[in-house]
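Coordinate inspection notes
In case you want the letters, here they are:
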Amino acid sequence: MSTQHPASPIRENPRPSSRRFGGWKLFLILAALLMGAAGAAYLLGPDAVEGSRRAIRVTARTSFVLFLAAFTASSFASLLPGPFTHALLRERRIVGLSFAFSHLLQAIAIYAFGQLNPEFWPSRATLTNLPGTLGYVSILLLAVTSHRGLARRMGPTAWRRLHVTGMWVIAAVFTYSYFKRVPMNYWYAVPSALLFTAVVVRLIARRAQALRRGTRSLLAPTEA
């Protein structure tokens, strides 16, 4: 997965992280926590239908948190350099794959809910399903192309374009999903505000990077 002007995995982190809880160890930890949260939500439901509905809601929230982390990792590392932001940037690929895994769990929960509640799918129009479908397709593309071998075949330019576009598509789907529910429940204004803030942070980071590049070019010695 990628964030603000992501570097291609061809050059980024060529070796697995040596950190104790980095790399695939971090993914396994996050995957276990995600499965535990989804499983607990399902078991706490009064019945299988309500349990599936709760699992959908929980995985939507865990996906949102992981997405925000991946979406802003590069920006925060640029604006607020430090051990935490650098660690988040270093593990951005793993965070992105964990986000995809969280959404896989949500897809399983949605399928289970549809099987237990036969009226669910017929009641949804094709247009209603379109944003979610675009989001899932984008997540799948980003997860598949996070494989380093496939990324090398794509080349850094194509890989970067795909990941930047995909992340913005997912951000738009999240924004639409939360913002349209604000009139029904004002608590949905919180994730909507967080998304807006994340976009602002990315734009500020991009501007700051452009200013730094301009300053370096002005300070660079000129040839006689």
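In the block above lies the structure referred to throughout.
Everything numeric here is computed off the predicted structure, so don't read it as measured data.

Comments concerning the overall build of the chain
When helices and strands are tallied, the chain shows eight helices and zero strands. Secondary structure elements in the chain, listed N-terminal to C-terminal, are α-α-α-α-α-α-α-α. By residue count, 40% of the 224 residues in the chain fall in the buried class. Contacts in the chain between residues far apart in sequence, at least 24 positions, make up 75% of those at least 6 positions apart. By element, 68% of the accessible surface of the chain is carried by carbon and sulfur atoms, the whole surface being about 13,400 Å².

Structural notes on the packing of helix α2 (residues 48–79) against helix α4 (residues 92–116)
Helix-helix packing: each pair is described by the crossing angle between the helix axes and the interaxial distance. Two elements in contact, α2 and α4, have axes separated by 8 Å at closest approach and are oriented at 160 degrees. As summarised for this structure, α2 and α4 are arranged roughly antiparallel, according to the angle between their axes. As for the relative orientation of α2 and α4, their crossing is left-handed in sense. For the contact of α2 with α4, the residue count by class is 18 nonpolar, 10 polar and two charged.

What counts, and at which threshold
Residues numbered from 1 in each chain as written. Predicted model: local features only at pLDDT ≥ 70, side-chain atom pairs only at ≥ 80, totals over all residues. Heavy atoms only, no water. Helix = DSSP H or I, 4+ residues; strand = E, 2+ residues; numbered from the N terminus. Buried < 20%, exposed > 50% of the residue type's maximum accessible area, 1.4 Å probe, protein only. Contact = heavy atoms within 4.5 Å. Areas by Shrake-Rupley, 256 points an atom, 1.4 Å probe, with all protein chains shown as cover. Axes fitted to C-alpha atoms, helices over the stretch in contact; angles between N-to-C directions. Parallel < 35°, antiparallel > 145°, perpendicular 65-115°, else oblique. Left-handed = near helix turned anticlockwise from the far one by under 90°. Nonpolar A, V, L, I, M, F, W, Y, C, P; charged D, E, K, R; others polar.

On their own, these measurements won't tell you what the molecule is for.
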